[in-house]
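Each chain is listed here by its residues.
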Amino acid sequence: MSECIVITSGKGGVGKTTTSANLAVSLALSGKTVVVVDADIGLRNLDVILGLENRIVYDLVQVIEGECKLKQALIRDKRVPGLYMLPAAQTRDKNAVSQDDMKRLVQDLKALHDYVIIDCPAGIEQGFKNSIAGADRAIIVTTPEVSAIRDADRIIGLVEAHELPEPDLIINRYRPGLVERGDMMNREDILEILAIPLIGIIPDHQDVIISSNRGCPAAFDENSVVGQAYRRVAARVQGHEVEIPSFETGNGLFNSFMKWMGLAPVREVV
Amino acid sequence: MRAFLQRVLGGKQGSKNEAKQRLKVLLIHDQVDLTQAQMEQMREEVVAVIRKYVEIDDSGVDFKLDRGESGVELAASVPVRRVHARAI
Ligand SMILES: Nc1ncnc2c1ncn2[C@@H]1O[C@H](COP(=O)(O)OP(=O)(O)OP(=O)(O)O)[C@@H](O)[C@H]1O
Ligand SMILES: [Mg+2]
């Protein structure tokens, strides 16, 4: 049975597009067929993160308006079997698409693929409503900051009001060094406030920037900590029980003391 | 090492506790949609009612919204100095 997952956050710039791309790649690498949809109409972004910007012919709005067939607009990623992208329109605005249009589109995509991942725009307006219209479940992305968590709380309420099941949470841009110093909320702090299941923690890491420069999501790189973190998210999405590490630097109070005493193994710093 | 010593010797606490406290208050007020001023007014009105029956210690009144098991809860703690005879 196919499933449509919307990646949303409320606040802008917290990592929805990064997450959509990496989750889609990870699911495809695990043998599923996936289509990732850029629902940020007017601010197309996913194409460059995936490095597929030069192959766009048609877009989501053209599909909805019947200017082309759905399959003509899907761009196949040649790096892994079963991965497709549906680009957003760059020159149209969000009102070109209705919630019913999106529901129909998602139904059609689910008939073709195991997973439909929707990269939701920031905010709680039309673009958000369209993005969740056809979704079966939601993943909320937040960073460990007051404003992002506040918006996440708001979005959780809206997702539940739309009769979607309880969403899952990804904590992005996690900085273990700051957490150990007490200058960043840790997973327990955030879960105490948001009270939804955690599905992944993604470290704040240069791999995200390097991979976006190259148009090649970190999930393709077996050695990348970010890639590994997203592949674990993909496993959990499919219902597999995998651990969610917190990327300790080993520089915390206790470890510093142990190291000072020459008693602790020095672990790699993320 | 300096950061380590600073902490052991009782340096200042990390900022995450502030973040967490501020968030908790923020989320409750986002949900309840009451301004700080309205909260203050509610507090005064409720305290005024209680004062009709018992003598209270104004400085010790604690009146706040909190996140409980079943959503937002209003918690009031009002220290009583003396119960007025006529109230009994
Ligand atoms: N884990 C991370 N480590 C380092 N940088 C990150 C991480 N996640 C996201 N970023 C950076 O943050 C920026 C925003 O990320 P992204 O575009 O994925 O966010 P978004 O939620 O889709 O934004 P928008 O709301 O504008 O659509 C990008 O420059 C990205 O490189
Ligand atoms: Mg985005």
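Computed from a predicted model, the values in this text were never measured in an experiment.

1. Some points on helix α2 (residues 16-32) of chain B
Because an α-helix packs 3.6 residues into every turn, residues spaced three or four apart end up facing the same way. Counted at 1.5 Å a residue, the expected span for α2 of chain B with its 17 residues is 24 Å, and the 24 Å between its end C-alpha atoms agrees. Here α2 of chain B has its buried residues at Lys16, Ala19, Lys20, Leu23, Leu27, Ile28 and His29 of chain B. Those residues of α2 of chain B that are buried lie in contact with α7 (146-161) and α9 (187-194) of chain A together with α3 (36-51), β2 (62-68) and β3 (71-77) of chain B. One or two steps after α2 of chain B, the chain reaches aspartate 33 of chain B, where phi turns positive at roughly 65°.

2. Concerning the domain arrangement of chain B
Residues and elements named next belong to chain B. According to the domain assignment, chain B consists of domain 1 (1-33) and domain 2 (34-88). Taken together, the contacts link 6 residues of domain 1 with 9 residues of domain 2. Contact between domain 1 and domain 2 buries roughly 740 Å² in total, counting both sides, with carbon and sulfur atoms accounting for 62%. At the junction of domain 1 with domain 2, the criterion picks out 0 salt bridges. Inspection of the domain 1/domain 2 interface yields 0 residue pairs in polar contact (both at pLDDT 80 or more). By residue class, the composition of the side of domain 1 that touches domain 2 is 3 nonpolar, 2 polar and 1 charged.

3. Describing empty space enclosed by the protein
Residue and element names in this part refer to chain A. This model, assessed by the stated rule, comprises 3 cavities of 30 Å³ or more. Roughly 60 Å³ of internal volume is contained in the largest cavity. Every residue lining the largest cavity is listed: Thr18, Asn22, Ile49, Val208, Ser211, Ser212, Cys216, Pro217 and Ala218. Among the elements of the structure, α1 (16-29) and α10 (206-214) are those that each provide at least two residues to the lining of the largest cavity. A per-element tally of the lining of the largest cavity places α10 first, with 3 residues.

What counts, and at which threshold
Residues numbered from 1 in each chain as written. Chains lettered and ligands numbered in written order. Predicted model: local features only at pLDDT ≥ 70, side-chain atom pairs only at ≥ 80, totals over all residues. Heavy atoms only, no water. Helix = DSSP H or I, 4+ residues; strand = E, 2+ residues; numbered from the N terminus. Expected span 1.5 Å × (residues − 1). Buried < 20%, exposed > 50% of the residue type's maximum accessible area, 1.4 Å probe, protein only. Contact = heavy atoms within 4.5 Å. Domains from an automatic or database assignment. Buried area = accessible area lost by both parts, 1.4 Å probe. Salt bridge = Lys/Arg side-chain N within 4 Å of Asp/Glu carboxyl O. Polar contact = N/O pair within 3.5 Å; in protein donor to acceptor, adjacent residues only side chain to side chain. Nonpolar A, V, L, I, M, F, W, Y, C, P; charged D, E, K, R; others polar. 1 Å grid on protein atoms, 1.4 Å probe; cavity = no way out; pocket = protein on both sides within 12 Å on 5 of 7 lines; lining within 4 Å. Points joined across faces, edges and corners; volume = space filled by probe spheres on them.

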